[in-house]
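Understanding the architecture of this molecule
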Amino acid sequence: MQTFQLNGKPVSVDVEDDMPLLWVLRDELGHTGTKFGCGVAACGACTVHLEGQAIRSCVFPVSAVAGKSVHTIEATEDPILQRLQQAWIDHQVPQCGYCQSGMLMAATALLRNQPRPTDADIDAGLTNLCRCGTYQRIRAAIHDAAQALQRGTP
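Let me begin by describing the structure that accompanies this report. (Residues numbered from 1 in each chain as written. Predicted model: local features only at pLDDT ≥ 70, side-chain atom pairs only at ≥ 80, totals over all residues. Heavy atoms only, no water.)

When helices and strands are tallied, the chain shows five helices and five strands. Shown N-terminal to C-terminal, the secondary structure of the chain runs as helices and strands in the order β-β-α-β-β-β-α-α-α-α. Dimensions of the chain along its principal axes, counting C-alpha atoms only, are 45 × 30 × 25 Å. Residues counted as buried form 44% of the 154 residues belonging to the chain. A separation of at least 24 residues holds for 59% of the contacts in the chain among residues at least 6 apart in sequence. (Helix = DSSP H or I, 4+ residues; strand = E, 2+ residues; numbered from the N terminus. Buried < 20%, exposed > 50% of the residue type's maximum accessible area, 1.4 Å probe, protein only. Contact = heavy atoms within 4.5 Å.)

Here we take up the nonpolar core. Proteins that are soluble and globular tend to have nonpolar side chains buried together. Counting residues in each nonpolar core, the largest one holds 23 residues, and the members touching the most others are L84, W88, M103, L111, L126, I138 and I142. Here the element with the most residues in this core is helix α3 (residues 100-113); it accounts for seven residues. Contact partners of L84, with chain neighbours within four places excluded, come to L104, A107, T108, L111, A141, I142 and A145. Of all hydrophobic cores here, the second largest spans 14 residues; its members include L6, V11, V15 and V65. (Core = buried A, V, L, I, M, F, W, Y, C linked by side-chain atoms within 4.5 Å.)

With a phi close to 50 degrees, N7 is a non-glycine residue in the positive phi region. Inspection of the secondary structure assignment puts N7 in the loop between β1 (2-6) and β2 (9-13).

The next thing to look at is helix α1 (residues 21-28). Taken as a whole, α1 has its buried residues at L21, L22, V24 and L25. On its buried side, α1 packs onto β1, β2, β3 (47-50), β4 (53-56) and β5 (69-71). Positive backbone phi, approximately 75 degrees, marks G30, located one or two places after α1.

Structurally, D119 can be placed in helix α4 (residues 119-125). By relative accessible area, which is 40% here, D119 ends up partly exposed. Expressed as a C-alpha distance, the spacing of D119 and R139, which sit 20 residues apart in the sequence, is 6.7 Å. Leaving out residues up to four positions away in the same chain, D119 has contacts with R139 and H143.

This part covers the packing of aromatic side chains. Aromatic rings in a pair are described by how distant their centres are and how their planes are angled relative to each other. Applying the stated criterion to the full structure yields one aromatic pair. Between W23 and F36, the aromatic rings sit 5.3 Å apart at their centres with planes inclined by 35 degrees, giving tilted as the arrangement. Here W23 is found in helix α1, whereas its partner F36 is found in the loop between α1 and β3, with 13 residues between them in sequence. The exposure class of W23 is partly exposed, given its relative accessible area of 26%. (Phe/Tyr/Trp six-rings, centres within 6.5 Å; stacked < 30°, edge-to-face > 60°.)

Below is the structure:
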C-alpha cells in the first residue's frame, strides 16, 4: 500500500512499489491530465510536481512518493498555474495540446523558483518537447505570466 498527498488530499493505492507514478495517477486514481509521451523521461508530457519540484512521472516509481506531496495539472488552486493557464490562452500556445499539461507543470516549477526568468532560463528550465513547435509562444506566455504575478494580477 502506497500513501501520499495528491493535489492536497491523502490517497492510498495498493500497487507494486515499482509501478511508475504516471500509471498510478492515470489508471489507479483517474487523473488523466498527466500524459504518457515517451516512457523514458525525454519528452516531459508526464511532468508533475513532487514536493514542488518538476519530475517526469513515467520513470518515477510510486514508492518514491510515499508520504510526500504530488501535484498534477488538476491542482487548480495553484495561483502560478492559474496565471500560466490564462497566459497560454492569451498567447494561443496550444496547437495539438498533447504536451501542454506537462509544459504547464514545468513552467509552474520554473516560475516558483525563478519569478523573473530570462529566455535562457526558460530554455534551460523547460526541457519538455512540443511537436507543434510553439516555443516562441511558450516563452512569451511565461514572460507574461511572470510579469502579471509580479504585479499581483490574478
